[in-house]
Amino acid sequence: MVLKLHGLSVSTNTARVVACLHEKDVDFELVPVDLFARGNKEPSFLAKNPFGQIPVLEDGDITLFESRAISSYIAEKFKETGTDLIRHEIFSEAALVKVWTEVESQQYHPAICPIIYEFFGKPVQGLEPDQAVIDANLEKLEKVLDVYEAKLSSTKYLAGDFYSLADLHHFPYTFYFMKTPLGSVISDRPHVKAWWDDITARPALKKVAEEPAKIVDNANFLDFCLWMFIFQTKHISTVMAGIKVHGTAFSTAAARVLATLYEKEVEFELVPIDMRAGEHKKESFLALNPFGQVPAFEDGDLQLFESRAITQYIAHEYASKGTPLIVSDSKKMAILSVWTEVEAQKFDPAASKLAYELAIKPLLGMVTDFAVVEEFEAKLGTVLDVYEKRLGQSKYLGGDCFSLADLHHLPTTQYLMGTQAKKLFECRPNVSAWVADITARIDVGMDIVLESIWLQAVKKQLVSYTFSRLESGCDNSAVSFIHKTKFIIAVLHIKFTNIIAISAKVQR
């Protein structure tokens, strides 16, 4: 049966999937979706993708959405044909592909996407591009490209000396970016330019580029803007172990990795990173993660960053240990991948913003912006409406078993359940039951963590924080200190009694 891809050839997200299909030499049928007539909002389409966005892939009885999850499914299902985009025979290389696909999703895309919108989306709406937005995101993009330039000086492609999904995923947005006056930020970096010239010369990508190129070359600017606007519619012990996680107990990204190691019953060493002292920006850490963000991960001679890529590596490499977090059936794994991508692209952007405003800002003595809270509560509510429907069909997001798709939600959800945002989860019965289920997994095993990594890391950071505040003449009362201690523990969901005992010892 021929695969059906619902979308538009000029859509960046559809193009990402089309490029993968061409690289794999897989026949498919492109089913146009009339976005002008809001065909993507029709019940028949929403049954395929509840977010009403393109593309959607149908492969027999399996229906997938989220372009990066679709391309990963294609690359895995058809791994024996066409270009090997996932390096399935060499696991260390496959892990690096996951790292750099995550980099594209979490670092590159958030910077380049707003630029494309300002140049092409706003004019269609009769709005002036916001130069401040362009400049701010261009600065972010240039920082990412500086990392790329350094990486590409040592390897031909991002994940190594082989072309992979990590490179392919960059193609659609970069293609349109190069049609703007800002293309020099690519061409002025010789290794990035050589990389871009190389991948755009690939027959599969040339074929994908044909349709958008016709629009750009033959239509007037407004027509092109219109097209662009349409498809812009994301156990554990402290003994010395082979695995090292460099991070902090308060980081949701590091917590995502620690939770995975906990579920897989894999020993590791937590290497604390003092972010207040700027340790994450020192050369020794940047050698592990050039973006200067926690966590960084070492397993023998393998070094990884980007928390979701790390969790996928752990789930695959230690598949026979602990809780199964992935499945062997390719179709079920594809469904699971959809919902891990939904977490990264839909849930996390809103949930993380709320966690910052409602949990982190008060901890830092900053004022919560309730206008921002209102905006992102609405956005998160929209996502949770989809979750409510999905969880009415299966116990967990990826199916009937707990998986990475659920685990990835844990850290930020833990933060939010200690804030006013918990109402967003509690008012939806299926979501509420799911949250209670997955958070109970952490609570059941937390005693082990308390007696090992987390307790020591929290104690160290609480002591450091308190002494710094005392030296500055702030928060010098026992009441204030215990209040802040309780707040941190609420965020981490560690038992109050154990931590308050630590607090009293510190004060004495």
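Residues numbered from 1 in each chain as written. Predicted model: local features only at pLDDT ≥ 70, side-chain atom pairs only at ≥ 80, totals over all residues. Heavy atoms only, no water.

A.B. asks: Residues and numbers for the overall build of the chain, please.
C.D. replies: On a plain count of helices and strands, the chain comes out with 23 helices and eight strands. In the chain, buried positions account for 54% of the 508 residues. Looking at the chain as shown, the accessible area adds up to about 21700 Å², and 54% of this sits on carbon and sulfur atoms. (Helix = DSSP H or I, 4+ residues; strand = E, 2+ residues; numbered from the N terminus. Buried < 20%, exposed > 50% of the residue type's maximum accessible area, 1.4 Å probe, protein only. Areas by Shrake-Rupley, 256 points an atom, 1.4 Å probe, with all protein chains shown as cover.)

A.B. asks: Outline the packing of helix α12 (residues 252–264) against helix α14 (residues 307–317), supporting the account with residue identities and numerical values.
C.D. replies: Across the interface, α12 lies against α14 with an axial gap of 9 Å and an inter-helix angle of 10 degrees. Comparing the axis directions of α12 and α14 gives the class roughly parallel. Of α14, the residues touching α12 (which contributes Ala253, Arg256, Val257, Thr260, Leu261 and Lys264) are Ser307, Arg308, Ile310, Thr311, Ile314 and Ala315. A class-by-class count of the residues in the contact of α12 with α14 yields six nonpolar, three polar and three charged. (Axes fitted to C-alpha atoms, helices over the stretch in contact; angles between N-to-C directions. Parallel < 35°, antiparallel > 145°, perpendicular 65-115°, else oblique. Contact = heavy atoms within 4.5 Å. Nonpolar A, V, L, I, M, F, W, Y, C, P; charged D, E, K, R; others polar.)

A.B. asks: Describe in detail the sheet that holds strand β5 (residues 243–247), supporting the description with residues and values.
C.D. replies: Spatially, the four strands line up as an open sheet ordered β6-β5-β7-β8, and their pairing is mixed. Looking at the sheet topology across the chains shown, the edges are occupied by β6 (269–272) and β8 (302–305). Ignoring strand direction, the axes of neighbouring strands in this sheet form an average angle of 20 degrees. Pairing of β5 with β6 involves four bridges; the strand directions are parallel. Bridge pairing links glycine 247 to proline 272 in β6. Strand contacts of α12: β5, β6 and β7 (296–299), with the helix running at about 155 degrees to β5, the strand carrying the most contacts. (Pairing = 2+ DSSP bridges.)

A.B. asks: Account for the environment of tyrosine 387, with residues named and values stated.
C.D. replies: Considering the arrangement of structural elements, one finds tyrosine 387 in helix α16 (residues 370–390). Note: C-alpha distance between tyrosine 387 and leucine 397 (ten residues apart in sequence) is 7.6 Å. Tyrosine 387 has contacts with Trp339, Val342, Glu343, Phe347, Leu397, His409, Val431 and Trp434, leaving out every residue within four places of it along the chain. A polar atom in the side chain of tyrosine 387 sits 2.7 Å from the side chain of histidine 409. (Polar contact = N/O pair within 3.5 Å; in protein donor to acceptor, adjacent residues only side chain to side chain.)

A.B. asks: Help me get a handle on the nonpolar core, residues and values and all.
C.D. replies: Counting residues in hydrophobic clusters, the biggest one holds 132 residues, and the most contacted among them are Trp100, Tyr148, Phe177, Leu380 and Tyr387. Among the elements that take part in this core, helix α15 (residues 330–363) stands out by supplying 13 residues, more than any other. The residues contacting tyrosine 148, other than those within four sequence positions of it, are Trp100, Val103, Glu104, Tyr108, Leu158, His170, Val192, Trp195 and Phe291. If you look at the next biggest cluster of nonpolar residues, it comprises five residues, including Ile273, Phe285, Leu288 and Val294. (Core = buried A, V, L, I, M, F, W, Y, C linked by side-chain atoms within 4.5 Å.)

A.B. asks: I'd love a proper account of the packing of aromatic side chains, names of residues and values included.
C.D. replies: Per the counting criterion, the structure on display carries 18 aromatic pairs. For the pair phenylalanine 171 and tryptophan 196, a centre-to-centre distance of 6.0 Å together with 25 degrees between the ring planes defines the contact as stacked. Linking phenylalanine 171 in helix α7 (residues 171–177) with tryptophan 196 in helix α9 (residues 190–200), this pair joins segments that are 25 residues apart in sequence. Of the two residues, phenylalanine 171 and tryptophan 196, both sit in the buried class. Clustering of aromatic rings is evident, with ring pairs tying together Phe51, Phe65, Trp339, Phe347, Tyr387, Phe425 and Trp434. When the ring centre of tyrosine 163 is taken as reference, the NZ or CZ atom of arginine 202 above it lies at 3.8 Å. Its guanidinium or amino end placed over the ring of phenylalanine 51, lysine 346 lies 5.1 Å from that ring's centre, counting from NZ or CZ. (Phe/Tyr/Trp six-rings, centres within 6.5 Å; stacked < 30°, edge-to-face > 60°. Lys NZ or Arg CZ within 6 Å of the ring centre and 35° of its normal.)

A.B. asks: Go over the pairing of strand β4 (residues 62–65), please, and point to the residues and values.
C.D. replies: Bridge analysis of strand β3 (residues 56–59) against β4 gives four bridges, and the strand direction is antiparallel. From the neighbouring strand, glutamate 58 faces β4, where its bridge partner is threonine 63. Once β3 ends, the chain turns through two residues before running back antiparallel as β4, passing glycine 60 with a positive phi of about 65 degrees.

A.B. asks: Explain helix α3 (residues 67–77) residue by residue, including any values.
C.D. replies: Across the eleven residues that make up α3, a large majority, eight, are buried. Every buried residue belonging to α3 is among Ser67, Arg68, Ala69, Ile70, Ser71, Tyr73, Ile74 and Ala75, and all of these are buried.

A.B. asks: Break down the pattern of salt bridges for me, citing the residues and quoting the values.
C.D. replies: Counted under the stated rule, the structure contains 21 salt bridges. Between arginine 68 and glutamate 104 there is a salt bridge whose closest N-O contact spans 2.8 Å. A residue pair is termed long-range when its members are at least 10 positions apart, and arginine 68 in helix α3 and glutamate 104 in helix α4 (residues 91–124) qualify at 36 residues. Judged by relative accessible area, glutamate 104 falls into the buried class, the value being 2%. The shortest N-O distance in the salt bridge between lysine 193 and aspartate 197 comes to 2.8 Å. You can see lysine 193 and its partner aspartate 197 sitting in helix α9, four residues apart, about one turn around the helix. (Salt bridge = Lys/Arg side-chain N within 4 Å of Asp/Glu carboxyl O.)

A.B. asks: Outline the packing of helix α1 (residues 12–23) against α3, supporting the account with residue identities and numerical values.
C.D. replies: Between α1 and α3, whose axes approach to 9 Å, the crossing angle comes to 5 degrees. The orientation of α1 with respect to α3, classified from their angle, is roughly parallel. Seen from α1, the contacting residues are Asn13, Arg16, Val17, Cys20 and Leu21; seen from α3, they are Ser67, Arg68, Ile70, Ser71, Ile74 and Ala75. Looking at side-chain class alone, the contact of α1 with α3 contains six nonpolar, three polar and two charged residues.

A.B. asks: Tell me about the environment of alanine 287, and please be specific about residues and values.
C.D. replies: Relative to the helices and strands, alanine 287 resides in the loop between α13 (283–286) and β7. You can call alanine 287 exposed: its relative accessible area is 57%. As for alanine 287 and glutamine 303, which are separated by 16 residues in sequence, their C-alpha atoms are 9.5 Å apart.

A.B. asks: Can you explain α14? Please cite residues and give values.
C.D. replies: Burial within α14 is extensive, with nine of its eleven residues counted as buried. Along α14, the residues classified as buried are Ser307, Arg308, Ala309, Ile310, Thr311, Gln312, Tyr313, Ile314 and Ala315.

Limitation: the analysis is restricted to geometry and does not speak to function.
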